[in-house]
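# Breakdown of the fold
Here are the chains, one letter per residue:
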Amino acid sequence: MRYAETRPPVFTLTAGPVDAYPEVLRALGRTVLYDYDPAFQAFYESVALKAQKAMGTDTPPLILQGEPVLALEGAAASLIAKEDVVLNLASGVYGKGFGYWAARYAKKVEEIEVPYDSAIDPEKVRAFLKEHPEVRVVCVCNHDTPSGTLNDIEAIGAIVAEAGALMIVDAVSSWGGMPTSPAASQAGIYVTGPNKCLGCPPALSLVAVSDAAWDKIEANPDAPFASMLSYSDWKNAWKKTEPFPFTPSVAEINGLDAALDRYLEEGPEAVWARHALTAKVCREGIKAMGVQLWPVTEDIASPTTTSVRMPDGIDAGPILAEARARYGISMSAGRAETLGKLIRIGHMGPTAQPAYALLAVAALGGALRAAGAEVDVAAGLAAAQAAWDAAIDG
Ligand SMILES: *Cc1c(COP(=O)(O)O)cnc(C)c1O
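Residues numbered from 1 in each chain as written. Predicted model: local features only at pLDDT ≥ 70, side-chain atom pairs only at ≥ 80, totals over all residues. Heavy atoms only, no water.

## So, the sheet that holds strand β5 (residues 135-141)
Inclusion rule: In this scheme, strands are said to pair when DSSP sees at least two bridges between them. The way it works is that DSSP assigns letters per residue, a run of H or I at least four long becomes a helix, a run of E at least two long becomes a strand, and they are numbered from the N terminus. All axes here are fitted lines through C-alpha atoms, helices being fitted over the stretch that makes contact, and every angle between N-to-C directions spans 0 to 180 degrees.
Strand order in the open sheet made by the seven strands is β2-β10-β9-β8-β5-β3-β4, with mixed pairing throughout. The open sheet terminates on both sides in strands that have one partner only, identified here as β2 (62-64) and β4 (108-113). Each strand axis lies, on average, 20° off the axis of its neighbour in the sheet, ignoring direction.

In structure tokens, the structure reads:
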């Protein structure tokens with residue numbers, strides 16, 4: 001028996017969009033209030049304050065009404081002025097892609113690029129900024145999802161701050177699943193969204209903007225206003241006494257409310273530990289099967305995604321299709337430069353559970369074996385379970 005493509009998979013273990021938490025799905029079905037009803041205005045403020053608590057910011061983060069690509073493009077449009085020289089850090093498809101937005105608004109974009117299985121060396125950033133004191137904005141992706149690799153945004157952020165520049169961080173698929181925050185990275189703009197580790201459907205962006213970044217945005221005559229891309233439009237919209245620039249996505253705010261409640265009730269540290277353990281169990285399984293991880297070293301592998309390098313001569317596409325057809329398990333392909341070369345298993349939100357890591361090892365191993373690859377699925381499963389048991393038993 002095989003699973004038809006036209007039927008939903010049994011398990012979605014992708015690197016985003018992810019399966020949503022049941023309480024989020026229930027909240028999406030709450031009554032859709034009129035946005036200017038006082039009950040909704042007070043509720044919106046309470047959700048913004050919960051987001052502030054979760055992100056550890058001094059003021060509520062912006063909630064933009066579109067999935068995080070909107071906030072990323074908006075960051076480039078708002079912060080980068082015509083006369084600015086920008087340094088873009090590219091260690092993957094998202095980091096590289098941000099440079100194209102930056103180029104639309106900047107005078108000049110410089111770039112440090114490394115192979116997409118590697119991370120940016122903060123010391124290279126330090127040396128570059130020393131040689132190029134004219135750089136005003138530095139852009140970096142924390143977890144470049146199509147590679148499953150991390151950049152050290154705390155170290156890079158400290159260097160950027162010391163150089164007097166502002167950093168734009170894409171933390172879409174890291175925040176909420178590991179210890180990262182706007183404050184710890186000293187980011188000017190820190191973009192994330194509820195559709196990865198918070199376990200919501202894709203629809204909203206969450207953005208922390210520092211005081212220095214607001215000053216620069218407000219001094220930028222070309223920063224968008226009365227626009228879907230605008231940051232300024234939404235700056236004060238969280239206050240129940242202030243108007244919305246346009247209608248917020250009421251149902252999605254209901255979902256975000258439930259996701260934030262869940263995150264704060266479980267406790268961020270417990271949530272991060274759950275993501276880290278799932279990644280650990282998964283990686284021990286993959287390695288013991290005799291398959292390599294994609295990142296050059298495991299210390300840059302994200303706890304929210306395990307990225308698996310395909311054995312020589314094997315394309316990822318048919319393996320993914322086979323895993324879905326055999327076992328009903330959906331995982332992610334690479335993107336652009338990483339397409340075909342790797343398979344990604346997401347550990348985000350509800351699927352950040354070690355039990356899912358065992359399923360992923362079984363599905364990936366079984367599909368590789370069916371394609372004739374030399375993999376020891378039993379050894380992989382045993383190692384994954386041993387890693388899980390070791391964490392349980394201490
Ligand atoms: C998911 C994600 C985004 C949002 O982009 P989509 O391609 O629309 O999903 C942005 N940045 C990163 C790093 C992401 O993982």
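The discussion continues.
## Some words on the sheet that holds strand β14 (residues 342-346)
Just so we agree on the cut-off: Should any heavy atoms of two residues lie within 4.5 Å, those residues are counted as being in contact.
Read from one edge of the open sheet, three strands run β11-β14-β13, paired in antiparallel fashion. Looking at the sheet topology across the chains shown, the edges are occupied by β11 (305-309) and β13 (332-333). Where β11 meets β14, five bridges bridge the pair, whose relative direction is antiparallel. Paired with Ser307 across the bridge in β14 is Arg344. Those strands touched by helix α10 (residues 268-289) are β11 and β14, and its axis lies near 15° from that of β11.

## Re the packing of helix α12 (residues 354-370) against helix α13 (residues 377-393)
Geometrically, a packed helix pair is captured by the angle between its two axes and the distance between the axes. We count it as follows: Orientation categories follow fixed angle ranges, with anything under 35 degrees roughly parallel, anything over 145 roughly antiparallel, 65 to 115 roughly perpendicular, and all other angles oblique.
Remark: α12 packs on α13, axes separated minimally by 9 Å, with the N-to-C direction vectors making an angle of 170°. Regarding the angle of α12 to α13, the classification is roughly antiparallel. Counting all contacts with α12, which are made through Pro354, Ala355, Leu358, Val361, Ala362, Gly365, Gly366 and Arg369, the residues of α13 involved are Val377, Gly380, Leu381, Ala384, Gln385 and Trp388.

## Quick word on helix α2 (residues 38-55)
Rules: An expected span of 1.5 Å times one less than the residue number is assigned to each helix. Exposed residues in this analysis have more than 50% of their type's maximum accessible area, buried residues have under 20%, and partly exposed residues fall in between, with area computed by a 1.4 Å probe over protein chains only. Under this definition, polar contacts are N or O atom pairs within 3.5 Å; protein pairs additionally need one hydrogen-donor-capable and one acceptor-capable atom, and for neighbouring residues in sequence, both atoms have to be side-chain atoms.
Between its terminal C-alpha atoms α2 stretches 26 Å, which fits the 26 Å expected from 18 residues at 1.5 Å a residue. Looking only at α2, the buried set comprises Phe40, Gln41, Phe43, Tyr44, Glu45, Val47, Ala48, Ala51, Gln52, Ala54 and Met55. Of the surrounding secondary structure, the elements contacted by the buried residues of α2 are β2, α7 (182-185), β9 (189-192), β10 (205-209) and α9 (250-266). With a side-chain oxygen lying 2.8 Å from the backbone nitrogen of Ala39, the N-terminal cap of α2 falls on Asp37. Phi for Gly56, located one or two positions after α2, is positive at around 65°.

## Things to note about the nonpolar core
Short version of the rule: Nonpolar cores are built from buried Ala, Val, Leu, Ile, Met, Phe, Trp, Tyr and Cys residues. Side-chain atoms within 4.5 Å join them into one set.
Of all hydrophobic cores here, the largest spans 82 residues; its most connected members are Ile189 and Tyr231. The element contributing the most residues to this core is α2, with eight residues. Apart from residues no more than four positions distant in its own chain, Ile189 is found in contact with Ala75, Leu79, Met167, Ile168, Val169, Val207, Ala208, Val209, Ala213, Ile217 and Tyr231.

## Focus: the pattern of salt bridges
For clarity, the threshold we go by: Every case where a carboxyl oxygen of Asp or Glu lies within 4 Å of a side-chain nitrogen of Lys or Arg is listed as a salt bridge.
In the structure shown here, the tally under the stated rule is 21 salt bridges. For Arg2, the salt bridge goes to Glu322, with nearest N and O atoms at 2.8 Å. On the criterion of sequence distance, the pair formed by Arg2 in the segment before β1 (11-12) and Glu322 in helix α11 (residues 316-327) is long-range, its members being 320 residues apart. Across the salt bridge formed by Lys82 and Asp222, the nearest N and O atoms sit 2.8 Å from each other.

## Re the domain arrangement of the protein
The line we're drawing: Note that the domain bounds reflect an automated or database-derived domain assignment. Two parts placed together each lose some accessible area under a 1.4 Å probe, and the buried area is that loss summed for both.
For the protein, the assigned domains read domain 1 (22-264) and domain 2 (267-393). The C-alpha centroid of domain 2 is placed 28 Å from the C-alpha centroid of domain 1. Counting residues at the interface gives 25 residues for domain 1 and 27 residues for domain 2. Across the interface of domain 1 and domain 2, roughly 2,000 Å² is buried in total on both sides, 61% from carbon and sulfur atoms. Together, Asp117, Pro146 and Tyr263 form the three largest contributors to the area buried by domain 1 at its contact with domain 2, with a combined 25%. Counting every contact that joins domain 1 to domain 2 gives one salt bridge. Residue Arg309 is joined to Asp117 by a salt bridge in which the shortest nitrogen-to-oxygen separation is 3.0 Å. Applying the counting rule to domain 1 against domain 2 returns 15 residue pairs in polar contact (both at pLDDT 80 or more).

## Topic: the packing of aromatic side chains
Basically, it comes down to this: Only the six-membered ring of Trp is used, alongside the rings of Phe and Tyr, when aromatic pairs are assigned; centres must lie within 6.5 Å, and planes under 30 degrees apart are stacked while those over 60 apart are edge-to-face, with the rest tilted. Counted as over-ring charges are cases with an Arg CZ or a Lys NZ within 6 Å of the ring centre that also lie within 35 degrees of the ring normal.
Evaluated as defined, the whole model comprises eleven aromatic pairs. Taking 6.1 Å as the distance between ring centres and 55° as the angle between the ring planes, the aromatic pair formed by Phe40 and Phe43 counts as tilted. Here Phe43 and Phe40 lie together in helix α2, a separation of three residues that amounts to about one turn. According to the relative accessible area criterion, Phe40 is buried, its value standing at 0%. Within the aromatic cluster, the residues linked to one another by ring pairs are Tyr34, Tyr36, Phe40, Phe43, Tyr44, Trp234, Phe244 and Phe246. The ring of Trp214 has Lys235 lying over it, and the distance from NZ or CZ to the ring centre is 4.6 Å. The ring of Trp294 carries the charged tip of Arg309 above its face, separated from the ring centre by 4.3 Å.

## Some remarks on the site of the ligand
To keep things clear, this is the line we draw: Proximity criterion: a residue is near a molecule or strand once any of its heavy atoms comes within 4 Å of it. Surface accessibility follows the Shrake-Rupley procedure with a 1.4 Å probe radius. Residue values consider only the protein chains on display as shielding. Each residue gets one of three labels, nonpolar for Ala, Val, Leu, Ile, Met, Phe, Trp, Tyr, Cys and Pro, charged for Asp, Glu, Lys and Arg, and polar for the others, Gly among them.
Every residue close to the ligand is listed here: Glu67, Val69, Leu72, Tyr94, Cys141, His143, Thr145, Asp170, Val172, Ser173, Lys196 and Arg335. In the model, a nitrogen atom of the ligand is placed 2.7 Å from a nitrogen or oxygen of the Asp170 side chain. For the ligand, whose free accessible area comes to 380 Å², the fraction covered by protein is 87%. Of the residues contributing to the shell around the ligand, the split by class is five nonpolar, three polar and four charged.

## Re the environment of Val86
Inspection of the secondary structure assignment puts Val86 in strand β3 (residues 85-90). In sequence terms Val86 and Trp175 are 89 residues apart; their C-alpha atoms lie 24 Å from each other. Setting aside residues no more than four positions away along its own chain, Val86 makes contact with Ile80, Ala102, Ala106, Lys108, Val109, Glu110, Val135, Val137 and Cys139.

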